Amino acid sequence: MAEPGADDNQLLQLSLALEAGQLGVWDWDRDADAVTWSTEMEHLAGMAPGTFGGSFEEFMGAVHPDDRDAVAATIAEGVATGRHVVEHRFLHPDGTVVWIEGRGAARRNAAGEVVGLVGIAIDVTDRVRYRDRLEAEQPVLRALDRISLQLNRERDRSRLVETVVDVAAEALGADGAGLVRRASMLHPWQVVAATPGAEADVEKVAQSAASTVSRATGQQVQSAPGGFAVAVVWEPDLTELLVVLHDGEVPDGAERLLRGLGAHAATALENARLHEAARAELAERARLLVERDEVTRQLQRSLLPPDLPVIPGLDLAAGYLPMTQGIGGDFYDIFPLHDGSWGIVLGDVCGKGPAAAGVTALARHTLRAAAMAQHRPAEAVHILNQAMTELEDRTFCTVIDARLRPVDGRVCVEAAVAGHPPLLVLRADGTLEQVGPTGHLVGMFDQIKTGEVAVELGPGDTCVLYTDGATDVRRDGEVFGDDRLADVVHGCRGMSAAATARSIEVAVVDFQRGDISDDLAVVVLRVPESSR
């Protein structure tokens, strides 16, 4: 027996490929008007093997009537151009519709004349249905995207419910809409917000639809005479329904849109509730802070600048939390310099009480005087170190002494760090940097080394200076720590300087459950995005 040749092997490989790909193969002899189909081609057309008659007319008869003109035009194009691709339907004898993608190429004689076409076909029914489903859902997805943006902009709950109602009526082209609420299953439904004049109809639809809503139905749309509704809030029983007024069946796409709207509304309303609760909690904490002992506040005023200056091109904020009992040694100062730059000093004196307050005053005024005398930050820290080593009751402190110079929408920071926590720099892109070697404690040795830092802040960048009251405080043996502070600062991206300072204060107070064991000073510098 002869070994199979290369052509035989190629034909075998092609046959296996066609079989694996479930591809139908066809050949049209134009002159003889004869069409040859493979068995798979017959299967695609809904015919039993060997039953295709072999004519072009019978082929066109298997094509869905609505597609015949387009198929004939495409085949004519294939004869003219040499190749064609067509997507059409086969209508099976039992009524089944199968979508086909066909590809063909011209077959020519020795003179180059087109004498027929050859090609393949594959079942693309699933692909076409998926594509059609996606196209049908595009308007719904676009509407939900628009709805999400509208709801996410609103944080006030009373205005949010009105927005939900307006969006529902507009998106669904409804006669009206409303949000209804009840305190529990024992209480009646009450209209929270509704299209003007639609209150009674909204309440009626809610009463009817609520009887068919359960946890099992979840966010399924429930029809009722005069409209339909979807559950929004369970606490733990059904307490809020979104109602849309509409006569007749639910329109195509409306059920998906209403389910999505209900889910978005539930999330937005919960976020608004949390926002209001957080705002009320912050207000209460602020009230408690304001009620601190008047004597402590007066002493604090003497150690801190009475008001923050306005620095062009910079959003500036500072905060100070005194300890619950006693007077600490944290301090900060911000002041203008003769060359147009600004001085910022932040430090922490060891100890508590009046003695610490006296050293705090010495440190603050010494560093300010040195800056006014045009000493650079490192030189000013060395002058303070000399003054503190000459004290009868020798003590020490940590210090950051910085100079700020706004230039062309940016801010250059030059600082000396002595035994103090490093600066935290939150870039506009969310990157958080820890900047600065700590250096030696001031007053500990006759000669000290300082860490020298140079940082440039661009639009949207934030720099945080803080004392160890933001990191070293403890609760049940656990330290607040650098990582926790870094997480708080990182979460302040895009916030104002005041909001960032406040967030740090609240995080430290929360960690200590309101019992502040060490005072905290924080200064926040932020270059606004529109600083140019």
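Provided above is the structure to which this section pertains.
Residues numbered from 1 in each chain as written. Predicted model: local features only at pLDDT ≥ 70, side-chain atom pairs only at ≥ 80, totals over all residues. Heavy atoms only, no water.

## Brief notes about a negative patch on the surface
Right, so step 1: A cluster of acidic residues, Asp 472, Asp 482, Asp 483 and Asp 487, forms a negative patch at the surface.
Right, so step 2: Relative to the helices and strands, Asp 472 resides in the loop between β19 (462-466) and β20 (474-475).
Right, so step 3: The partly exposed category is assigned to Asp 472, whose relative accessible area is 47%. (Patch = residues over 30% accessible without salt bridge, like charges linked within 9 Å, V, L, I, M, F, W, Y side chains within 5 Å. Areas by Shrake-Rupley, 256 points an atom, 1.4 Å probe, with all protein chains shown as cover. Salt bridge = Lys/Arg side-chain N within 4 Å of Asp/Glu carboxyl O. Lys, Arg positive; Asp, Glu negative; His and termini not counted. Charge placed at Lys NZ, Arg CZ, Asp CG, Glu CD. Helix = DSSP H or I, 4+ residues; strand = E, 2+ residues; numbered from the N terminus. Buried < 20%, exposed > 50% of the residue type's maximum accessible area, 1.4 Å probe, protein only.)

## Some remarks on the sheet that holds strand β17 (residues 432-435)
Right, so step 1: Judged by pairing direction, the sheet is antiparallel, and its five strands sit side by side in the order β11-β22-β19-β16-β17 without closing on themselves. The outermost strands of the open sheet, each flanked by one partner alone, are β11 (315-321) and β17. Sheet twist, expressed as the average angle between the axes of neighbouring strands with direction ignored, equals 15 degrees.
Right, so step 2: Its contacts with the sheet place helix α12 (residues 481-490) against β16 (423-426), β17 and β19, and it is angled at close to 35 degrees to β16. (Pairing = 2+ DSSP bridges. Axes fitted to C-alpha atoms, helices over the stretch in contact; angles between N-to-C directions. Contact = heavy atoms within 4.5 Å.)

## Thoughts on the sheet that holds strand β12 (residues 330-336)
One key point about sheets: their strands pair by backbone hydrogen bonds, in either a parallel or an antiparallel sense.
Right, so step 1: Taken in spatial order, the five strands line up as β12-β13-β14-β15-β18 in an open sheet, and their pairing is antiparallel. Looking at which strands have only one partner, the edges of the open sheet turn out to be β12 and β18 (451-457). When the angles between neighbouring strand axes are averaged without regard to direction, this sheet yields 15 degrees.
Right, so step 2: Here helix α11 (residues 377-389) sits on the sheet in contact with β14 (397-407), β15 (410-418) and β18, set at roughly 155 degrees to β14.

## Regarding the packing of α12 against helix α13 (residues 497-511)
Right, so step 1: Where α12 meets α13, the axes come as close as 9 Å, and the angle between the chain directions of the two elements is 140 degrees. Comparing their axes, α13 and α12 come out oblique. Considering how the two elements wind past one another, α12 and α13 form a crossing that is right-handed. Mapping the contact onto sequence places Arg 484, Leu 485, Val 488 and Val 489 in α12 and Ser 503, Ile 504, Ala 507 and Phe 511 in α13.
Right, so step 2: Of the residues belonging to the contact of α12 with α13, the class tally is six nonpolar, one polar and one charged. (Parallel < 35°, antiparallel > 145°, perpendicular 65-115°, else oblique. Left-handed = near helix turned anticlockwise from the far one by under 90°. Nonpolar A, V, L, I, M, F, W, Y, C, P; charged D, E, K, R; others polar.)

## Focus: the pairing of β15
Right, so step 1: Both β14 and β15 contribute to a ladder of nine bridges, which runs antiparallel. Bridging across to β15, Val 407 finds its partner in Arg 410.

## Quick look at the packing of aromatic side chains
Right, so step 1: Applying the stated criterion across every chain yields a total of six aromatic pairs.
Right, so step 2: With 3.8 Å between their ring centres and 10 degrees between their planes, Trp 37 and Phe 52 make a pair best called stacked. Highlighted residues: Trp 37 in strand β2 (residues 34-37) and Phe 52 in the loop between α2 (39-44) and α3 (56-62), separated in sequence by 15 residues.
Right, so step 3: Take Trp 37: its relative accessible area is 11%, and that puts it in the buried class.
Right, so step 4: Where Phe 480 meets Phe 511, the ring centres are 5.2 Å apart and the plane angle is 80 degrees; that geometry is what we call edge-to-face. Placement of Phe 480 in the loop between β21 (478-479) and α12 and of Phe 511 in helix α13 is noted, with a sequence separation of 31 residues between them.
Right, so step 5: With relative accessibility at 3%, the residue Phe 480 sits in the buried group.
Right, so step 6: Note on Phe 511: relative accessible area 5%, which makes it buried.
Right, so step 7: Ring-pair connections join several aromatic residues into one group, and the members of that group are Trp 28, Trp 37, Phe 52, Phe 56, Phe 59 and Phe 90. (Phe/Tyr/Trp six-rings, centres within 6.5 Å; stacked < 30°, edge-to-face > 60°.)

## Observations concerning helix α7 (residues 199-210)
Right, so step 1: The end-to-end C-alpha separation of α7 is 16 Å, in line with the 16 Å expected for 12 residues at 1.5 Å each.
Right, so step 2: Looking only at α7, the buried set comprises Val 202, Val 205, Ala 206, Ala 209 and Ala 210. Looking straight down α7, one finds its buried side chains confined to an arc of 120 degrees; they lie on one side. Among the exposed residues of α7, those oriented more than 90 degrees off its buried face are Ala 200 and Lys 204. (Expected span 1.5 Å × (residues − 1). Arc of directions from axis to C-beta.)

## Regarding the side chain of His 64
Right, so step 1: Residue position: His 64 is located in the loop between α3 and α4 (68-81).
Right, so step 2: Those residues in contact with His 64, other than ones at most four positions away along the chain, are Arg 89, Phe 90, Leu 91 and Val 97.

## Description of the nonpolar core
Right, so step 1: Counting residues in hydrophobic clusters, the biggest one holds 29 residues, and the most contacted among them are Leu 404, Leu 457, Leu 465, Val 523 and Leu 525.
Right, so step 2: Considering each element in turn, this core owes the most residues, four residues, to β15.
Right, so step 3: Once residues within four sequence positions are removed from consideration, Leu 404 is found in contact with Leu 314, Ser 341, Trp 342, Ile 344, Val 411, Cys 412, Val 413 and Leu 525. (Core = buried A, V, L, I, M, F, W, Y, C linked by side-chain atoms within 4.5 Å.)

## Description of α13
Right, so step 1: In this model, α13 (15 residues) spans 21 Å end to end at C-alpha, consistent with the 21 Å of a helix rising 1.5 Å per residue.
Right, so step 2: Residues Ala 497, Thr 500, Ala 501, Ile 504, Glu 505, Val 506, Ala 507, Val 508, Val 509 and Phe 511 constitute the buried set of α13.
Right, so step 3: Arg 513 lies just past α13 and shows a positive phi near 55 degrees.

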